[in-house]
Amino acid sequence: MSSPEAEPSAGPAAALPAVAPQLRALRRRASLTLEAAARDAGLSPAHLSRLETGQRQPSLPMLLSLARIYGTTVSELLGETTADREPVTRAGDMEPTSAGGWTYWQAGSPGRGMQALRVQVPYGAQGDIVRVHPGEEWLYVLKGRLRLRLGDALHRLAPGDSAHFDSLTPHRIAAEDPDGVELLFVHTLLQSPTAALCLGPTQGDVS
């Protein structure tokens, strides 16, 4: 794994909007000194200063780290604004979507720092796919039994059980029973088209 201060490649860096003004403003809003924020993010003060003055572009994992430290979202760090979103999602508005054999219902507003889903995982679907990506995941078993592998550890979860883990830990999710398993699933991923879900086909996807 590269160090936090490793320079991003030219492609992603060039695609990012200018974030320097937001980085400095949000650090000050969080009442953090340059030294304290840099320490928490695993950066040198000089490197963070270069990010805040636009001399360097941050990598996407670096943005995720800074967003957590400043108590905000990657979207806000990028200076993106969104229209007011309805805080309540009605059951009738949750349209099922299938991806890679799984069925999921969006249970929260899109574009948020956290994405909430209700997920149906059928037996045998993607049980051999191991995923690693930035962010955190929380899941709660509603129905059925879940087999969750985190690194080298295997966990079996029953209805009412939950798990909360760092998504950089290699993980694999599968239904334990032939009837499948139903979950509540919350994840924090970078707001980009390729990181919208930790589900479905893996081709071209980091999740």
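What counts, and where the lines are drawn
Residues numbered from 1 in each chain as written. Predicted model: local features only at pLDDT ≥ 70, side-chain atom pairs only at ≥ 80, totals over all residues. Heavy atoms only, no water. Helix = DSSP H or I, 4+ residues; strand = E, 2+ residues; numbered from the N terminus. Polar contact = N/O pair within 3.5 Å; in protein donor to acceptor, adjacent residues only side chain to side chain. Contact = heavy atoms within 4.5 Å. Salt bridge = Lys/Arg side-chain N within 4 Å of Asp/Glu carboxyl O. Buried < 20%, exposed > 50% of the residue type's maximum accessible area, 1.4 Å probe, protein only. Pairing = 2+ DSSP bridges. Axes fitted to C-alpha atoms, helices over the stretch in contact; angles between N-to-C directions. pLDDT = per-residue confidence, 0-100.

1. Observations concerning the side chain of glutamate 52
No. 1: The topology assignment puts glutamate 52 in helix H4 (residues 45-52).
No. 2: Separated by 2.6 Å, the side chains of glutamate 52 and arginine 27 make a polar contact.
No. 3: Aside from chain neighbours lying at most four places away, what touches glutamate 52 is Ala20, Leu23, Arg24, Arg27, Leu34 and Tyr70.

2. Thoughts on the pattern of salt bridges
No. 1: The tally for this structure, following the rule as stated, stands at six salt bridges.
No. 2: The residue glutamate 182 makes a salt bridge to arginine 118 at a minimum N-O spacing of 2.9 Å. Separated by 64 residues along the polypeptide, glutamate 182 in strand E9 (residues 181-188) and arginine 118 in strand E3 (residues 115-121) bring together distant segments of the chain.
No. 3: Classification of arginine 118 as partly exposed rests on a relative accessible area of 25%.
No. 4: Its salt-bridge partner being arginine 156, residue glutamate 176 comes within 2.9 Å of it at the nearest N-O pair.

3. Observations concerning the sheet that holds strand E8 (residues 171-175)
No. 1: The three strands are arranged E6-E5-E8 in an open sheet whose pairing can be described as antiparallel. Here the strands that pair on one side only, and so sit at the sheet edges, are strand E6 (153-157) and E8. Within this sheet the neighbouring strands show an average axis-to-axis angle of 15°, counted without direction.

4. Points about the environment of alanine 153
No. 1: Structurally, alanine 153 can be placed in strand E6.
No. 2: C-alpha separation for the pair alanine 153 and histidine 171, spaced 18 residues apart in sequence, amounts to 9.5 Å.

5. So, the confidence of the model for the chain
In low-pLDDT segments, the atomic positions of the prediction should not be examined closely.
No. 1: Residues at a pLDDT of 70 or more form 74% of the chain, whose mean pLDDT is 77.
No. 2: The weakest mean pLDDT in the chain belongs to helix H1 (residues 10-15) at 38; the strongest belongs to E6 at 97.
No. 3: Here residues 190-207 is modelled with pLDDT under 50, and outside its nearest four sequence neighbours on either side it reaches 49 contacts, counting other chains as well.

6. Observations regarding the pairing of strand E2 (residues 102-106)
No. 1: Strand direction decides the pairing type here: strand E1 (residues 97-99) and E2, joined by three bridges, are antiparallel. Each bridged residue has a counterpart across the sheet, and for alanine 99 the counterpart in E2 is tryptophan 102.
No. 2: Relative to E3, E2 is paired through four bridges, and the arrangement is antiparallel. Across the sheet, tyrosine 104 pairs through a bridge with valine 119, a residue of E3.

7. Some words on unusual backbone geometry
No. 1: In this model, serine 31 sits at a positive phi of 60°, which is unusual for a non-glycine residue.
No. 2: The residue serine 31 is located in the loop between helix H2 (20-29) and helix H3 (34-41) in this model.

8. With respect to the pairing of E8
No. 1: Most of E8 sits inside the fold, with four of its five residues counted as buried.
No. 2: Note: strand E5 (residues 146-150) against E8, five bridges, orientation antiparallel. Looking at the pairing, arginine 149 lines up with arginine 172 of E8.

9. Quick look at helix H5 (residues 60-70)
Note that an α-helix has 3.6 residues per turn; residues three or four places apart therefore point the same way.
No. 1: Along H5, the residues classified as buried are Met62, Leu63, Leu64, Leu66, Ala67 and Tyr70.
No. 2: Contact partners of the buried residues in H5: H2, H3, H4 and helix H6 (74-77).
No. 3: One or two steps after H5, the chain reaches glycine 71, where phi turns positive at roughly 65°.

10. Overview of the sheet that holds E3
As a general point, the strands of a sheet are linked pairwise by backbone hydrogen bonds and lie either parallel or antiparallel.
No. 1: With respect to topology, six strands assemble into an open sheet ordered E1-E2-E3-E9-E4-E7, the strand pairing being antiparallel. Edge positions in the open sheet fall to E1 and strand E7 (162-166), since each of these has one partner strand only. Ignoring strand direction, the axes of neighbouring strands in this sheet form an average angle of 25°.
No. 2: For E3 and E9, the ladder comprises seven bridges, and the chain directions are antiparallel. Looking across to E9, one finds that glutamine 115 is bridged to histidine 187.

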